[in-house]
Structures are given as structure tokens and as C-alpha cells.
Amino acid sequence: MGLTGRGGGMSAATPSLQRVTTMGGGLSDREHKTLQLEAVRFKHAGVKVGRIRELFGESETRYYARLDALLDEPAAVAAYPAVVRRLIRLRQARRVARSGAYSGVNG
């Protein structure tokens, strides 16, 4: 089943799995599928967790560790620039928020 399976939780702008075979860039099929999944906007968080388990057969924690490493790969930026840049911005914002929380700053 492709990334568009089990509708309801994803937007109409779901990327096609055909992109996996047409875009080279040194990424594996698994890496392409990971970035395609990140391009999808889910209405409910539980749907995404289910898709992670269905597509990759791994825990959410392992998936996000793998995604974090993938964001630092130049091939990922080249193949999916908007998605990767958005995810890097979100990662940086989380790091800043955490550093503020640990520095004793009360909000």
C-alpha cells in the first residue's frame, strides 16, 4: 500500500510513490518514503504513528531518530528542499525552546 492508503487522515496533496523511482539523488527508497510521509499533513497525530508502523515497521522513536539524521544529508535537501527546510526549522525551534526551559528561564 502506498502513502495515500487509508484516507481520512491525510490531505489531498499526498505525494505519489512514483516519485520514489523518478527522483534519484542518492536516497534509498526508505529515505524517499520517509520524506514523502513528512510532506503529508495529517489531521490526527495517531494516523501518522500508524502509518510509520505500517510503512517502516519501527517505533515512532526510531523513526524520528532516523529522520533527524536524514535531515542533515545534502541529498535529502536536494530531493525535497521545502520539506527538509521546514523540518530543520521545526527542529531548531524545539532545540531553542528546550534550551530556554533548561536555563532557568520562567515563562
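Rules of the game
Residues numbered from 1 in each chain as written. Predicted model: local features only at pLDDT ≥ 70, side-chain atom pairs only at ≥ 80, totals over all residues. Heavy atoms only, no water. Salt bridge = Lys/Arg side-chain N within 4 Å of Asp/Glu carboxyl O. Helix = DSSP H or I, 4+ residues; strand = E, 2+ residues; numbered from the N terminus. Buried < 20%, exposed > 50% of the residue type's maximum accessible area, 1.4 Å probe, protein only. Core = buried A, V, L, I, M, F, W, Y, C linked by side-chain atoms within 4.5 Å. Phe/Tyr/Trp six-rings, centres within 6.5 Å; stacked < 30°, edge-to-face > 60°. Lys NZ or Arg CZ within 6 Å of the ring centre and 35° of its normal. Axes fitted to C-alpha atoms, helices over the stretch in contact; angles between N-to-C directions. Parallel < 35°, antiparallel > 145°, perpendicular 65-115°, else oblique. Contact = heavy atoms within 4.5 Å. Nonpolar A, V, L, I, M, F, W, Y, C, P; charged D, E, K, R; others polar. Polar contact = N/O pair within 3.5 Å; in protein donor to acceptor, adjacent residues only side chain to side chain.

Peer 1: When you look at the pattern of salt bridges in this model, what are you seeing that I'm missing?
Peer 2: Two side chains carrying opposite charge are able to pair once their charged atoms lie near each other. Applying the stated criterion to the full structure yields six salt bridges. Between Glu-54 and Arg-51 there is a salt bridge whose closest N-O contact spans 2.8 Å. Here Glu-54 pairs with Arg-51, and both are found in helix 3 (residues 45–56), just three residues apart, close to one helical turn. Assessed through its relative accessible area of 2%, Arg-51 is described here as buried. Linking Asp-68 and Arg-91 is a salt bridge whose minimum nitrogen-to-oxygen distance equals 2.8 Å. Separated by 23 residues along the polypeptide, Asp-68 in helix 4 (residues 60–70) and Arg-91 in helix 6 (residues 81–102) bring together distant segments of the chain. The exposure class of Arg-91 is buried, given its relative accessible area of 9%. The network of salt bridges with common partners includes Arg-30, Glu-58 and Arg-66.

Peer 1: Even after reading the chapter, I still don't get the nonpolar core, so can you show me in this structure?
Peer 2: Note on soluble globular proteins: their nonpolar side chains tend to be buried together. Formed by 19 residues in total, the largest nonpolar core has its most connected members in Leu-27, Leu-35, Tyr-80 and Val-84. Listing elements by their share of this core, those giving two or more residues are helix 2 (29–39), helix 3, helix 4, helix 5 (74–79) and helix 6. In terms of residues, this core owes the most to one element, helix 6, which gives four residues.

Peer 1: Can you help me understand the packing of aromatic side chains in this one?
Peer 2: One pass over the full model with this rule turns up two aromatic pairs. Aromatic pair Tyr-63 and Tyr-64: ring centres 5.0 Å apart, planes at 80°, arrangement edge-to-face. On the basis of relative accessibility, which here comes to 32%, the residue Tyr-64 falls in the partly exposed class. Ring pairing ties together the aromatic residues Phe-56, Tyr-63 and Tyr-64, which thus form one cluster. The lysine or arginine in question, Arg-66, covers the ring of Phe-56, its NZ or CZ lying 4.9 Å from the ring centre.

Peer 1: Would you take a moment to explain the packing of helix 2 against helix 4 for this structure?
Peer 2: What describes two packed helices is the angle between their axes and the distance between those same axes. Put simply, helix 2 and helix 4 touch, their axes get as near as 11 Å, and they point 100° apart. Classified by the angle their axes make, helix 2 and helix 4 are roughly perpendicular. Across the interface between the two elements, Arg-30, Glu-31, Thr-34, Leu-35, Leu-37 and Glu-38 of helix 2 pack against Tyr-63, Tyr-64, Arg-66, Leu-67 and Leu-70 of helix 4. Grouping the amino acids of the contact of helix 2 with helix 4 by side-chain chemistry returns six nonpolar, one polar and four charged.

Peer 1: Just checking my understanding: could you explain the side chain of Arg-91 for this structure?
Peer 2: At a separation of 2.8 Å, a polar atom in the side chain of Arg-91 contacts the side chain of Asp-68. Not counting residues up to four positions away in its chain, the partners in contact with Arg-91 are Asp-68, Leu-71 and Asp-72.

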